[in-house]
Amino acid sequence: LAAVAEARGRLDEAIELRESSLTLISESTEVTHPEMRAAMDLLAGSYMTKGNHDLAEHLYSQVSLELQGSRMEERLEAGQMMAKRAEEVRRLRDLALLEQEEVEAEKRRAMENNPSLAEDMHLGRTREHLGALLQEQSSYSLAGRR
């Protein structure tokens, strides 16, 4: 059900279902169990899709730490994989933050170069809103010429 909800863009519902699933699985299995790891992996993926990189990283790191001291090769490999995923989440989070900073810097430059744009943004006028106003104005102008 969570996969269907996520595919339909209902991320909050998908996360809620995945969290419930993880809670149920954790009542009968340990973190070292493959089903538990799979449930945590799915939940972390949903967190990432939603943009909550910190929770995703925490889940991956938690599993990685639990599997670190294992004597079983399969668990050690799974722990290393989870550590790599935690590192990848950190990298993606950092990239998202850099991108966000670049967008903010671009907005500041645009407003510095065009003070009326700053006023429009302050008043809550979006490009779509302004585009609609311009189109409306041009249609009045065309109607007035007839």
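Asks: Looking at this structure, how should I read the overall build of the chain?
Replies: Along its length, the chain carries seven helices and zero strands. Put simply, the chain runs from its N terminus to its C terminus through helices and strands in the order α-α-α-α-α-α-α. Counting only residues that meet the buried cut, the chain has 25% of its 146 residues in that class. Of all intrachain contacts in the chain linking residues separated by at least 6 positions in sequence, the fraction that spans at least 24 positions is 46%. When the accessible surface of the chain is summed, it comes to about 10,500 Å², and 52% of that surface belongs to carbon and sulfur atoms.

Asks: I'm lost on helix H3 (residues 34-50) in this one. Help?
Replies: Residues three or four positions apart in an α-helix share a direction because the helix packs 3.6 residues into each turn. Relative to the 24 Å expected for 17 residues at 1.5 Å per residue, H3 spans 24 Å between its end C-alpha atoms, a close match to the ideal helical length. By the burial criterion, the buried members of H3 are Met36, Arg37, Ala39, Met40, Leu43, Ala44, Ser46 and Tyr47. Where H3 is buried, its residues touch helix H1 (2-7), helix H2 (11-26), helix H4 (53-68) and helix H5 (73-113). Directly after H3, the chain includes Gly51, whose backbone phi takes a positive value near 95°.

Parameters and conventions
Residues numbered from 1 in each chain as written. Predicted model: local features only at pLDDT ≥ 70, side-chain atom pairs only at ≥ 80, totals over all residues. Heavy atoms only, no water. Helix = DSSP H or I, 4+ residues; strand = E, 2+ residues; numbered from the N terminus. Buried < 20%, exposed > 50% of the residue type's maximum accessible area, 1.4 Å probe, protein only. Contact = heavy atoms within 4.5 Å. Areas by Shrake-Rupley, 256 points an atom, 1.4 Å probe, with all protein chains shown as cover. Expected span 1.5 Å × (residues − 1).

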